[in-house]
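Residues per chain are reported as follows:
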Amino acid sequence: MENVDVIMAMINKELGGWPVLQGLAWDESTFDFDRLMLKLSQYNNYVFYTVNTDVDEKNSSVRSIYIRPSKLATDDSIHYSYEIKALEAYMYLFLNFTLSLTNNPSTIRNDFLTLYKFEIELFKVQDRLGHHETVRTTLGNLSHTINVSFDASNYIRRLYLLANVSVMNTDIVIVTAPKFFDGISSIINQQSPRTIQNYMIWKFIMNQAGHMPKRFRNIVQQFNHVILGTSTAESRTITCANYVNTVMGLPTTEMINNIRNTFITMVNRSTWMDSKSKIIAIKKARAIKAKLGYPDYLESDDMTKLDKDFAEYNFNLSYMPNVLSAMQLHSKASLQMLRYPIDSKEWSDILPTNVNAIHRLSANEILFPAAILQTPLFDKDAPKYLNYGGIGFFMGHEIAHGFGDEGKQYDLNGNKVLWWSKATDNAFDTRKKCFIEQYNNYTLTQVNRSVNGNKTQDENIADDAALKQAFFAYQQWAKTHKNVDKKLPGLTKYSTEQMFFMNFGHTWCTKMTNEAVHDYINSDEHSPAQFRINGATSNFVEFDRVFGCKTGQGNSRVNKCNVW
């Protein structure tokens, strides 16, 4: 129980205690919202509002301060589902967790009910207002820009000082969803100090649950079993490896260039984009930087950067003190970035060990970590039809993100500049409606839920473009590499083009519990896997040709949606 004692001592000494554990003995006159916000931020825990340093959206050569809404619900599924079993699971999670930490259960049930009502109100605001609008201001003018329950300018000054960074009134602050802050503040102001303190400590303790002894992790796993349908927890080895990655921060080059050139051809052939917008789009596509595998410095024998990055990470054999120390160092490093120059070679927002890929619009770059450059997506010795149908699709997908609803707002340097003409913008919106309607008509029979075509449209359009880019790029490669790709044993009856599509489908093979499906549809901006396959192939005339499908037959759409 050493880890529990360490974290509870920290909560009592530094955070003002957890009322639910102290019962009526907790003194609300000691409540200090500003101090609690600041202290939690020091441990990289942002309860209502997240403050961090990021590349300035208008000037990608510098960094600015960003304020964004935090994730307010313990789990969105609780509030989306409206099922009594989800509420009961959440109640038991809270009751069992708190009962394991106190001998005084006198106020636990009432504290949970008021906390839950508060969380419901927060969730309603977050769900209603969304996070799309941004406002650009200065630190000195911040109090006139957002309405919050504390002195935001003073909070940011004190926060950055904890990292030895002095901020000035002229420093740029970019606020995401300013109306959200007003809505949240009005709800916070209606709550008692006890409810606010309970909620903020509960959020903090849930973030640390994975570091606590097994009996606490088992309580969380029981909750996850109801919400996500998972019967076993993730292996401890994987959990610990992911944690280290989070706190401590090739042959594919030819493929990316081929796919990029294919996209440029698709832009040139588009009929909806005017000539001026096409010229800018092509320049932007050519300027996209592709980062593969891992940062350059990891290949070097020079350990200077690693030594500098981890100079303050002095750990001992006590686990929970190490966790708390790492959280503080992680927060400090993020804040200190405000005064660091932009390094075009740095990797941000994704680690080499992540099985994922991203497009960083503010840098006009796409990143593919080493972990995703593995089978079944990529193998340097595999036939190219498999690689293009696997990782090639992901490459095309990330490129396409630079030219959609979000991408149109960022230029080739990563600055937030709308570079589409009004006519091009309107033409895109017209074509976008086709995809929204198409995906709205998909129903996941496993849970009898429809896909949200509006929420997923940006990803669906990127998928559609990606499949075309990867396929046409493979065709171009095959023209200059005749008879190089060999067929696979047992699959010789299929053409190389058929194998391209088959591997594309294979990479999306997915099995999910009913609970996980509900959670995915509620929270994810991507369509479920089967519709990422069916949607893109149904719009592609080359898929029809390769498999001899007639228009309107099976998965083939008569009115095919098309942007690129």
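The structure presented is a predicted model; accordingly, all values stated were derived computationally and were not measured.

**Thoughts on the state of the cysteines**
Per the stated rule, a full pass over the model turns up one disulfide. Residue pairing for cysteine 434: its cysteine sulfur links by disulfide to cysteine 561, the two sulfurs lying 2.0 Å apart. Handedness of the cysteine 434-cysteine 561 disulfide follows from its S-S torsion of about -80 degrees: it is left-handed. Highlighted residues: cysteine 434 in helix α18 (residues 422–440) and cysteine 561 in the segment after α23 (541–547), separated in sequence by 127 residues. Taking the relative accessible area as the measure of exposure, cysteine 561 reaches 1% and is therefore buried. Cysteine cysteine 509 is unpaired, with the sulfur of cysteine 549 as its nearest cysteine sulfur at 18 Å. With a relative accessible area of 60%, cysteine 509 lands in the exposed category. The cysteine cysteine 549 is free of any disulfide, with cysteine 561 supplying the nearest cysteine sulfur at 17 Å.

**A word on the packing of aromatic side chains**
Following the criterion strictly, the structure yields 49 aromatic pairs and no others. Residues phenylalanine 48 and tyrosine 49 carry aromatic rings whose centres are separated by 6.1 Å and whose planes lie at 50 degrees to one another, so their mutual orientation is tilted. For tyrosine 49, a relative accessible area of 2% puts it in the buried group. For the pair tyrosine 442 and phenylalanine 531, a centre-to-centre distance of 4.7 Å together with 10 degrees between the ring planes defines the contact as stacked. On the criterion of sequence distance, the pair formed by tyrosine 442 in the loop between α18 and β8 (443–444) and phenylalanine 531 in helix α22 (residues 529–538) is long-range, its members being 89 residues apart. Considered together, tyrosine 442 and phenylalanine 531 belong to a single accessibility category, that of buried residues. Directly above the aromatic system of phenylalanine 403 lies the positively charged group of lysine 284, at a separation of 5.3 Å from the ring centroid.

**Observations concerning the UniProt feature "domain: Peptidase M13 C-terminal" (unreviewed entry) in the chain**
The sites that carry the UniProt feature "domain: Peptidase M13 C-terminal" (unreviewed entry) are, in the present numbering, residues 356–562. For residues 356–562, helix accounts for 47% and strand for 6%, while the C-alpha atoms at its two ends are 26 Å apart.

**Digging into the domain arrangement of the chain**
Here the chain is described as being made up of domain 1 (3–233) and domain 2 (254–312 + 342–483 + 492–547). With centres defined by C-alpha atoms, the gap from domain 1 to domain 2 works out at 33 Å. Domain 1 puts 17 residues into the contact, and the matching count from domain 2 is 14 residues. Around 1400 Å² of area is buried between domain 1 and domain 2 when both sides are counted, 42% of it from carbon and sulfur atoms. A salt bridge links arginine 63 to glutamate 346; the nearest nitrogen and oxygen atoms lie 2.7 Å apart. Taken together, the links from domain 1 to domain 2 amount to six residue pairs in polar contact (both at pLDDT 80 or more). Where the side of domain 1 that touches domain 2 is concerned, the elements lending two or more residues are α4 (76–81) and α10 (214–228). Here the residues of the side of domain 1 that touches domain 2 sort into six nonpolar, six polar and five charged.

**Points about the environment of proline 383**
Along the chain, proline 383 turns up in the loop between β7 (365–369) and α16 (384–389). Given the relative accessible area of 12%, proline 383 is considered buried. Separated by 101 residues in sequence, proline 383 and valine 484 have C-alpha atoms that sit 8.3 Å apart. Not counting the four nearest positions on each side in its chain, proline 383 is found in contact with Asp485, Lys486 and Leu488.

**Observations concerning the nonpolar core**
Counting residues in each nonpolar core, the largest one holds 82 residues, and the members touching the most others are Phe48 and Phe97. Within the second largest apolar cluster, 68 residues are counted, among which are Met273, Ala281, Ala285 and Tyr385.

**Thoughts on the sheet that holds strand β2 (residues 63–69)**
The four strands are arranged β1-β2-β4-β3 in an open sheet whose pairing can be described as mixed. Every interior strand has two partners, whereas the edge strands, β1 (49–55) and β3 (134–138), have only one. Here the average twist between neighbouring strands, direction ignored, is 25 degrees. Bridge analysis of β2 against strand β4 (residues 172–176) gives three bridges, and the strand direction is parallel. Directly across from isoleucine 67, in β4, lies its bridge partner valine 175. The strands touched by helix α7 (residues 152–161) are β1 and β2; relative to β1, the strand with the most contacts, the crossing angle is about 65 degrees.

**Concerning helix α17 (residues 391–400)**
Among the 10 residues of α17, 10 are classified as buried, and the element is accordingly described as predominantly covered. Ile391, Gly392, Phe393, Phe394, Met395, Gly396, His397, Glu398, Ile399 and Ala400 are the residues of α17 that are buried.

**Points about the sheet that holds strand β6 (residues 358–360)**
Spatial strand order, β5-β7-β6: three strands in an open sheet with mixed pairing. Two strands close off the open sheet at either side, each with one partner strand: β5 (289–293) and β6. In this sheet, neighbouring strand axes are inclined to one another by 20 degrees on average, regardless of whether the strands run parallel or antiparallel. In the sheet, β5 pairs with β7 via five bridges, with the strands oriented parallel. Within β7, the residue paired with lysine 289 across the bridge is glutamate 365. Helix-sheet contacts for α17 involve β6 and β7, and the interaxial angle to β7 is about 150 degrees.

**Notes on unusual backbone geometry**
Trans is the common state for peptide bonds, and a negative phi is the common state for residues other than glycine. Going from threonine 375 to proline 376, the amide bond is cis rather than trans, its omega being 5 degrees. Along the polypeptide, proline 376 turns up in the loop between β7 and α16. For asparagine 44, which is not glycine, the phi torsion reads 60 degrees and is therefore positive. With respect to the element layout, asparagine 44 can be found in the loop between α3 (33–42) and β1.

**Quick notes on the pattern of salt bridges**
Evaluated as defined, the whole model comprises 21 salt bridges. A salt bridge links arginine 194 to aspartate 111, with the nearest nitrogen and oxygen atoms 2.9 Å apart. One end of the pair, arginine 194, is in helix α9 (residues 193–208); the other, aspartate 111, is in helix α6 (residues 108–129), with 83 residues separating them in the sequence. Taking the relative accessible area as the measure of exposure, aspartate 111 reaches 6% and is therefore buried. Aspartate 171 is paired through a salt bridge with arginine 339; the nearest N and O atoms lie 2.8 Å apart. Overall, arginine 339 belongs to the partly exposed group, its relative accessible area being 37%. A single network of salt bridges, built from pairs that share partners, joins Asp405, Lys408, Asp425, Asp429 and Lys432.

The rules we used
- Residues numbered from 1 in each chain as written.
- Predicted model: local features only at pLDDT ≥ 70, side-chain atom pairs only at ≥ 80, totals over all residues.
- Heavy atoms only, no water.
- Disulfide = S-S within 2.5 Å.
- Helix = DSSP H or I, 4+ residues; strand = E, 2+ residues; numbered from the N terminus.
- Buried < 20%, exposed > 50% of the residue type's maximum accessible area, 1.4 Å probe, protein only.
- Phe/Tyr/Trp six-rings, centres within 6.5 Å; stacked < 30°, edge-to-face > 60°.
- Lys NZ or Arg CZ within 6 Å of the ring centre and 35° of its normal.
- UniProt positions renumbered as here; feature names shortened; annotations may be inferred.
- Domains from an automatic or database assignment.
- Contact = heavy atoms within 4.5 Å.
- Buried area = accessible area lost by both parts, 1.4 Å probe.
- Salt bridge = Lys/Arg side-chain N within 4 Å of Asp/Glu carboxyl O.
- Polar contact = N/O pair within 3.5 Å; in protein donor to acceptor, adjacent residues only side chain to side chain.
- Nonpolar A, V, L, I, M, F, W, Y, C, P; charged D, E, K, R; others polar.
- Core = buried A, V, L, I, M, F, W, Y, C linked by side-chain atoms within 4.5 Å.
- Pairing = 2+ DSSP bridges.
- Axes fitted to C-alpha atoms, helices over the stretch in contact; angles between N-to-C directions.

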